[in-house]
Amino acid sequence: MTPTVSTEAPPAVASVPAVPEPAFPEALARRTMRLSLLEGGFAMFFINWTSGSVLTGYALHLGATPTALGLIASVPLLGQAVSPLAAWLVGRRGRRKGVAVATALIGRGVWVLAATLPLLPVPDEARGALLVALVALSSLFIAANGALWTAWMGDVVPWKERGRYFGLRTGVLGVVGTAANLIAGTWLDRVAAPLSFQAVLLTATALGLVAAYVLKRHDEPPLDSARLPMSRAFSLPMSDRTFRRLLVFAVYWAFAIMVSSPFLIPYFLNHLKMSYVEVAIWSAISAASALVLAPAWGRLTDRVGNRPVLAVTTFLAGTLLPLTWMLAAPGRLWPIWVSGVVDALVWSAINPGIFNLSLATTPRENRAAFIAVFSALTGVSGFIGGLVSGPLLELYRAIRPAATGWTAYHTLFATSAVLRMLAWTLLRRVPEEGAWRTRDLLSRAHLTRLSMPRPPLRWPRQMRLGRLRFRRR
């Protein structure tokens, strides 16, 4: 989500281990890749129904203040600070599956308690505080699960196919997320609160537990990591220069995003007066666009590298995306529908790009420790960004700019936009083997290279998963 021009040095120094990674049996890898699509589908219902407009609307119903809204959006990132502990525990046990499944079950199960908050005979302020606490508790386990899953799938998916596979996965899950948002939006608009929110949260919990069961059926490659002491699980990744450079970019990026991210949905609901269905339609536009754009970005990154693609799309996320939000007004929502396409354009490249770059800059041995530290520090940074977003919004409200139609939300979005636009200066320092320079990607002289025939994705033409069939098109 940042740069457009990245004057980078010649093709970067190798950041992938020189020794090829040990091969995981292809049949098991393909089976796990297929199962990951199914698991991700169930998980998307849980994720979308315990975050975004559902969680924001629930918090507003409970009487949450702007500061509480910022905390609710950011404490999941703080939960990532426990990721190194999960990596250490995995190193001691020698396997990831058991810990990953257990953290998924606990992190999703606690949402049953969140659904009971309206029944408690306590003031609204106390309910808001309890919701923050429950979101934080869930996030401790969900973040640990995410870090382990990243290292796990990094060992499963062949590195030459990561861009295409995770691009495909992003697109498919985007469609599932769209369906989830539309179902929840329709329900919330028609059923009175708090019953509407409670039913959605309880259903989300049940589907999240189903996802954990599917995760348990995944195959796991042998874990080559040595049993590291707790202190070494943190110091080893931090001693790697290439990893530190990526970490600096990612930490800055997480902060820049979270300065405004907690208040995008409140802006839609409170300022633009959008209904839950309209918010779901916005999500649907983004997901439908991502279905087309994510695989295309994946194919491109497999050829030109993740870094130049990230440079371009992060810059767009700091310019074009906030602009579409700020052009909207109550009764004039067409810029929001445009923002759905732009949202897919940038995030369908950024999320897989950062994910793939984190795998490319970490060795297979002790990868869980590297990913855990990456998750922890970016999470803390994002939490700090979300923590300051609420007070910033209150400050901007007190200033009350004279410009007609300009609100504190607009000032907050502009602040985040400036921070996002500067991120590419940090990204250019991250080495990636064989990556193009950003200027080469943007140059017309190199456009012909983008049309070169691409190697086929090595899947069977027809992928079976139960009764579902996925066809390569």
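Asker: Whenever I open this one, the packing of aromatic side chains confuses me. Can you help?
Answerer: Between two aromatic rings, the relevant description is the distance of the centres plus the angle of the planes. All chains considered together, the criterion is met by 16 aromatic pairs. The side chain of Arg108 reaches across the aromatic face of Phe46, ending 5.6 Å from its centre. Here the basic side chain of Arg397 rests over the ring of Tyr409, its NZ or CZ set 5.8 Å away from the ring centre.

Asker: Mind showing me how you'd approach the pattern of salt bridges here?
Answerer: Pairing of side chains with opposite charge becomes possible as their charged atoms draw close. Taken as a whole and judged by the stated rule, the model has six salt bridges. With a closest N to O distance of 2.8 Å, Arg164 and Asp302 form a salt bridge. With Arg164 in helix 8 (residues 162-190) and Asp302 in helix 13 (residues 276-304), this pair connects stretches of sequence that are 138 residues apart. Taking the relative accessible area as the measure of exposure, Arg164 reaches 13% and is therefore buried. Each member of the salt-bridge network shares a partner with another, and the members are Glu26, Arg30 and Glu161.

Asker: Even after reading the chapter, I still don't get the side chain of Asp343, so can you show me in this structure?
Answerer: Looking at the element boundaries, Asp343 is found in helix 15 (residues 334-360). Lacking a salt bridge, the buried Asp343 has Arg420 as its closest oppositely charged neighbour, with an N-O distance of 7.4 Å. When near neighbours in sequence (up to four residues on either side) are disregarded, Asp343 contacts Trp282, Ser286, Leu321 and Ser348.

Asker: Would you take a moment to explain the side chain of Thr314 for this structure?
Answerer: Along the chain, Thr314 turns up in helix 14 (residues 306-327). On the accessibility criterion, Thr314 (0% relative accessible area) is buried. In this structure the side chain of Thr314 is engaged in a polar contact, spanning 3.3 Å, whose partner is the backbone oxygen of Ala311.

What counts and what doesn't
Starting from 1, residues in each chain are numbered consecutively following that chain's sequence as written. With pLDDT at 70 or above as the cut-off, local features in this predicted model cover only qualifying residues; side-chain atom pairs require 80 or more to be listed or tallied, and sums for whole chains, interfaces and linings still use all residues. By convention in this description, side-chain values take in all heavy atoms of the structure and omit both hydrogens and water. In this analysis, rings of Phe, Tyr and Trp, with Trp reduced to its six-membered ring, are considered paired at centre separations within 6.5 Å, and the interplanar angle assigns stacked below 30 degrees, edge-to-face beyond 60, and tilted for intermediate values. Note on geometry: a ring has a charge over it if NZ (lysine) or CZ (arginine) is within 6 Å of the ring centre and within 35 degrees of the ring normal. Salt bridges are identified by distance alone: a Lys or Arg side-chain nitrogen within 4 Å of an Asp or Glu carboxyl oxygen. Secondary structure elements are taken from DSSP: a helix is a run of H or I of four residues or more, a strand is a run of E of two residues or more, and numbering for both begins at the N terminus. Here the term buried applies to any residue with accessible area under 20% of the maximum for its type, exposed to any over 50%, and partly exposed to those in between, with areas from a 1.4 Å probe on protein chains only. Positive charges come from Lys and Arg, negative ones from Asp and Glu, while His and the chain ends are left out of the count. We call two residues in contact when some of their heavy atoms are within 4.5 Å. Polar contacts, as used here, are pairs of N or O atoms within 3.5 Å; protein pairs need one atom able to donate a hydrogen and one able to accept it. Residues neighboring in sequence count only if both atoms are side-chain atoms.

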